[in-house]
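What follows is the residue order along each chain.
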Amino acid sequence: SPELRAARMWEGRGLWVWLLFLCAALGGVSAVMQKAHRRHLSLHRHRERGKEGQVLHRSKRGWVWNQFFVIEEYTGPDPVLVGRLHSDVDSGDGNIKYILSGEGAGTIFVIDDKTGNIHATKTLDREEQAQYTLTAQAVARDTNKPLEPPSEFIVKVQDINDNPPEFLHGPYYARVPEMSNVGTSVITVTASDADDPTYGNSARLVYSILQGQPYFSVEPQTGVIRTALPNMDREARQEYDVVIQAKDMGGHMGGLSGITEVKITLTDVNDNPPKFPQSVYNMAISEDKVPGEEVGRLKAKDLDLGENGLVEYRFVEGDGMGVLEISKDSETQEAVIKLKRTVDYETKKTYTVKVEASNPHVDSRFMAWGPYKDTATVKVNVEDADEPPVFMLPSYTFEVDENAPSGTPVGRVHAMDTDTSNNPVRYMIPRYTDLGQFFTITPEDGFIKTTQPLDRENQAWHNISVSATEIGGHHQDAKVRVNIKVKDVNDNAPEFATNNEVLVCENVTPGKLIETVSAIDKDEMAHQQHFHFSLAPEAAKNHNFSLKDNRDSTASVYVTRKGFNRMTQSIYMLPIEINDNGSPPMSSTNTLTIRVCSCDSKDTILSCNVEPFVLPAGLSTGALIAILACIVILLAIVVLFVALRRQKKEPLIVFEEEDIRENIITYDDEGGGEEDTEAFDIATLQNPDGANGFLPRKDIKPELQGWTEGAVTTSCGVIRSRVKKKKARVGCTARAWRLGHE
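Residues numbered from 1 in each chain as written. Predicted model: local features only at pLDDT ≥ 70, side-chain atom pairs only at ≥ 80, totals over all residues. Heavy atoms only, no water.

(A) Broad picture of the overall build of the protein chain. The secondary structure content of the protein chain amounts to 4 helices and 42 strands. When each of the 742 residues of the protein chain is scored for burial, the buried share is 35%. Here the contacts in the protein chain between residues at least 6 apart in sequence split such that 68% fall between residues at least 24 apart. (Helix = DSSP H or I, 4+ residues; strand = E, 2+ residues; numbered from the N terminus. Buried < 20%, exposed > 50% of the residue type's maximum accessible area, 1.4 Å probe, protein only. Contact = heavy atoms within 4.5 Å.)

(B) Region of interest: the sheet that holds strand S17 (residues 312-318). An order of S15-S21-S20-S17 is seen for the 4 strands of this open sheet, with the pairing classed as mixed. The open sheet is flanked by strand S15 (280-286) and S17, the only strands paired with a single partner. Across this sheet, the average inter-strand angle for adjacent strands is 30 degrees, counted without regard to direction. Bridge analysis of S17 against strand S20 (residues 350-358) gives 6 bridges, and the strand direction is antiparallel. Within S20, the position partnered with Tyr-313 by the bridge is Ala-357. (Pairing = 2+ DSSP bridges. Axes fitted to C-alpha atoms, helices over the stretch in contact; angles between N-to-C directions.)

(C) Just the sheet that holds strand S7 (residues 151-158), in detail. Ordered by their spatial adjacency, 4 strands build an open sheet running S1-S7-S6-S3, and the pairing between neighbours is mixed. Here the strands that pair on one side only, and so sit at the sheet edges, are strand S1 (68-71) and strand S3 (96-102). The sheet shows a mean angle of 30 degrees between the axes of neighbouring strands, direction not considered. In this structure, S3 lies alongside strand S6 (residues 131-140), joined through 7 bridges in antiparallel fashion. Following the sheet pairing, Leu-100 is matched in S6 by Ala-136.

(D) Focus on the packing of aromatic side chains. Tallying each qualifying case throughout the model produces 12 aromatic pairs. Each member of the aromatic cluster is reached from another via a ring pair, and the members are Tyr-215, Phe-216 and Tyr-240. The lysine or arginine in question, Arg-237, covers the ring of Tyr-215, its NZ or CZ lying 5.4 Å from the ring centre. Lying over the aromatic face of Tyr-351, Lys-348 brings its terminal NZ or CZ to 5.4 Å of the ring centre. (Phe/Tyr/Trp six-rings, centres within 6.5 Å; stacked < 30°, edge-to-face > 60°. Lys NZ or Arg CZ within 6 Å of the ring centre and 35° of its normal.)

(E) Quick peek at the UniProt feature "transmembrane region" (unreviewed entry) in the protein chain. In the UniProt entry, the feature "transmembrane region" (unreviewed entry) is given for residues 623-644. Its end C-alpha atoms 32 Å apart, residues 623-644 is made of 100% helix and 0% strand. (UniProt positions renumbered as here; feature names shortened; annotations may be inferred.)

(F) Main features of the pattern of salt bridges. Here the structure, examined in full by the defined rule, presents 21 salt bridges. Residue Arg-234 is joined to Glu-235 by a salt bridge in which the shortest nitrogen-to-oxygen separation is 2.7 Å. Its relative accessible area of 8% is what places Arg-234 among the buried residues. Accessibility expressed as a relative area gives 24% for Glu-235, which makes it partly exposed. A salt bridge links Asp-603 to Lys-512; the shortest N-O distance between them is 3.8 Å. Of this pair, Asp-603 sits in the loop between strand S38 (587-599) and strand S39 (605-607) while Lys-512 sits in the loop between strand S32 (502-505) and strand S33 (513-520), and the two are 91 residues apart along the sequence. Its relative accessible area of 39% is what places Asp-603 among the partly exposed residues. With a relative accessible area of 38%, Lys-512 lands in the partly exposed category. (Salt bridge = Lys/Arg side-chain N within 4 Å of Asp/Glu carboxyl O.)

(G) View of unusual backbone geometry. With an omega of -5 degrees, the peptide bond running from Gly-170 to Pro-171 counts as cis. Take Pro-171: it is sitting in the loop between S7 and strand S8 (172-177). With an omega dihedral of 5 degrees, the bond running from Gln-213 to Pro-214 counts as a cis peptide bond. Checked against the element boundaries, Pro-214 lands in the loop between strand S10 (206-211) and strand S11 (216-218). Positive phi, normally seen in glycine, also occurs at Asp-603, with a value near 65 degrees.

(H) A nonpolar patch on the surface, seen in detail. A cluster of nonpolar side chains, contributed by Ile-627, Leu-628, Ile-631 and Leu-635, occupies part of the molecular surface with about 390 Å² of accessible area. Tracing the backbone shows Ile-627 in helix H2 (residues 621-648). (Patch = residues over 30% accessible without salt bridge, like charges linked within 9 Å, V, L, I, M, F, W, Y side chains within 5 Å. Areas by Shrake-Rupley, 256 points an atom, 1.4 Å probe, with all protein chains shown as cover.)

Structure representation (structure tokens):
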């Protein structure tokens, strides 16, 4: 505590005060002895010079000086006498004055200018400044003339034990593995002391442990902390708080001390094997679970941490190793037992496995402590479940003839309820698997039949599903795949493999091969069939072409006449009959189109189109283009002329804005003003003919047969005045139609 530390400090300071007085006394005796010795030397020098007959005077400084010492932290009532300066020329009559300069002169150190005594007026601290360099000089009091050259001397501050040891890097944190041997080094703590290590024992430190025994110890001289007990177990206690003391004066009474705390943590080693909390575990799984379903979990506890606490699991024996599998949850470190394959309650009701837990990382130092593994027995009970019916086969494949009549049997599927209740089963075909509704199934016995004839060329395979549902219970159902193959029959006639036109030159020579035809058949057995070719009966007397069957399912077409004229006939149709050897045999008549083309002398086809006329020999392509351009220009002129005529054509109906003449007649008559607003309709004045619903047209004649010279129709109206008692202005509009005779 601070109070204890202060008490120890003053206890040490009291001892040093006693030593201070002792040193001062010894210093005084030493100064007297030195003065007497120097005076003896000075007299000895005068005598030698006298014998030689020389003038007796001093040639250099002869006053007394020395290296002085002063004790730090002196707190007495009077200034401390540091030392005394005295010159040989000082006869004691007061004519010599001593002057002091340098570090602390006049403030810390003062000198009696008559006696030369130097005193320290302030308390000195060696840790702040260990020594002071001063300069002394003797001068004449009346003239201040130097009697001696100046000389430097040192005042050293003698150390006392006034600074306790300090741990500059505390508190400390250290780690050491558990189960370490006795004497294992943990950490080194170091304290520092500000006192002078070269003087006395003020800075000689000794370390000791105040708290943490008997687990740890500390070396007194080095401060190395070591383990003191064997087999310290982290699982029993992990952290220790250790207090270390450093004491100066070599650890003796009166020395100052400092303490620090060290927190020591035991780190983990793999010294604990995994252990199951119980030896037997009971689990259950329903028989309707699928592989991969979790059966249960178990965990072996390991008191170690991190990598040392990792546990691996495996099966070592048991009849359930074939149906169960084990893995580890890396987050929880649990063993997870899952279903490897399906189980059947009716077949086996219980499985047993033995699980082993072990450490993957074992420390060889602790192998003698025993095996680092443990085992437990797991019993898995299979629970009965209402299972769906089971088909006898995983899938079914049937065959049915093409074009078989409706109701033809295809095959039978069979399923049964494996539960102890053995409920009856009902069958059905889900419609989404048989969209064409080609098949039906008997619900009671599972017989599948056709509902219509099937065409192999349209669909060779029918893949449907059959559902079996138990009657009673939970109505569990199961499905099975049924593949139905439609067997082929020869119901398709052969036909040409391609329908391309055959091109032949007008100047073709008789007997030339112009085409080789082949055939295809949509039936499945077409690759085993052979096709026979012949001309149709209606083309048997054909004199233009002939046909030869090559007996390899191909036929060759030859020309039998000399030359063709495409202006007379450009296309020839040759009917060919194709027969297969199927059962029953099928045949068809296919038409081969032959087009006559224009060719050059090398039989290269130039044109196959029919030309309607022959152009004059002297008319070139440029002339044709010029003629066409002239025709286009003439057409454009005609179209432009018609468009202009249409724009100038007058409209058929006469509107009031057209051909209107007004005659203004004035007369002295007062209007009604604002009160006369209903007298006349201005629209009548604007369109007098429209008031009667009649609009004259220019495109028809008026039906007034008695008029021969013409008639004039006049419309008059009164314009209403906006001001009362004013003259009204009446406008009369006249429109004349002249009636003519055709």
